Amino acid sequence: MSPLESRSSSRHPRPFRAFRLLLVACAALAAPAAGCGSGGAQGSGGAAAEIASIDARLRGTFRLVRFDPEVPLEPMLASMLEFQYAHLVIRFDGQRILGDSPGLHVDRAYEIREPAWNRFKIISYDEAGLAYEAVCEFSGEKELIVYAQTPPWKGVATLRRAQ
């Protein structure tokens with residue numbers, strides 16, 4: 001059973017929708033928030049400063065270089081994922097995560113919570129307001145590791161800052 005079948009009423013998930021969910025998971029990967037002050041910044045100027053620091057480090061453009069799903073993908077989805085490694089561009093602007101590749105465009109609000117030096121939680125929201133959670137960690141100056149926690153795209157993604 002694929003990760004998508006558990007959320008879909010049909011036997012065969014629509015690949016485009018499934019792939020958009022992957023992008024949301026990757027986008028949930030890392031980013032400052034539409035409402036940087038919500039969640040992690042409650043009650044403490046220190047947390048707000050940490051969120052602002054993470055926001056500054058996240059802003060910009062990244063490329064998806066790897067995604068290791070918790071559950072193996074069906075061959076068609078795995079093939080679509082392979083295509084994205086060369087094409088998917090993700091931009092964090094402090095309020096929105098924008099993901100683009102040929103035939104795919106995703107625009108999501110996000111927020112940062114629970115900042116802790118190089119690690120933080122990011123919550124992104126789809127069109128219906130459904131939240132997707134990920135724990136993110138900066139790895140050096142150019143990479144962001146995203147531990148996507150929301151099915152159906154649970155797994156680990158690596159994003160690299162675009163040149």
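Residues numbered from 1 in each chain as written. Predicted model: local features only at pLDDT ≥ 70, side-chain atom pairs only at ≥ 80, totals over all residues. Heavy atoms only, no water.

*Asks:* How would you explain the environment of V106 if you had to name every residue and give the values?
*Replies:* Residue position: V106 is located in strand 4 (residues 104–116). Taking the relative accessible area as the measure of exposure, V106 reaches 1% and is therefore buried. The spatial distance from the C-alpha of V106 to the C-alpha of R96 is 9.8 Å, given a sequence separation of ten residues. (Helix = DSSP H or I, 4+ residues; strand = E, 2+ residues; numbered from the N terminus. Buried < 20%, exposed > 50% of the residue type's maximum accessible area, 1.4 Å probe, protein only.)

*Asks:* Kindly report on the packing of aromatic side chains, identifying the contributing residues and their values.
*Replies:* Within this structure, the stated rule accounts for three aromatic pairs. Aromatic side chains F120 and F138 sit 5.7 Å apart centroid to centroid with 45 degrees between the ring planes, which places their arrangement in the tilted category. Of this pair, F120 sits in strand 5 (residues 119–125) while F138 is found in strand 6 (residues 131–139), placing the two residues 18 residues apart along the sequence. The buried category is assigned to F120, whose relative accessible area is 2%. Linked through ring pairs, F62, F92 and Y110 together constitute an aromatic cluster. Taking the ring centre of F138 as reference, the NZ or CZ of R57 above it sits at 4.0 Å. (Phe/Tyr/Trp six-rings, centres within 6.5 Å; stacked < 30°, edge-to-face > 60°. Lys NZ or Arg CZ within 6 Å of the ring centre and 35° of its normal.)

*Asks:* Account for the sheet that holds strand 7 (residues 143–148), naming residues and giving values.
*Replies:* Reading around the circumference, 1-2-3-4-5-6-7-8 is the order of the eight strands in this closed barrel, with antiparallel pairing throughout. In this sheet, adjacent strand axes meet at a mean angle of 35 degrees when their direction is disregarded. Looking at chain direction, strand 1 (residues 60–69) and strand 2 (residues 89–92) are connected through four bridges and run antiparallel. Across the sheet, the residue bridging to F62 is I90, located in strand 2. Set on the sheet, helix 2 (residues 45–58) makes contact with strand 1, strand 2, strand 4, strand 5, strand 6, strand 7 and strand 8 (155–161); between it and strand 4 the angle comes to about 145 degrees. (Pairing = 2+ DSSP bridges. Axes fitted to C-alpha atoms, helices over the stretch in contact; angles between N-to-C directions. Contact = heavy atoms within 4.5 Å.)

*Asks:* Any details on the pattern of salt bridges? Residues and values, ideally.
*Replies:* What the rule picks out here adds up to ten salt bridges. A salt bridge links R160 to E143, with the shortest nitrogen-to-oxygen separation between them at 2.5 Å. One end of the pair, R160, is in strand 8; the other, E143, is in strand 7, and 17 residues separate them in sequence. One network of salt bridges, with partners in common, ties together E114, K121 and E133. (Salt bridge = Lys/Arg side-chain N within 4 Å of Asp/Glu carboxyl O.)

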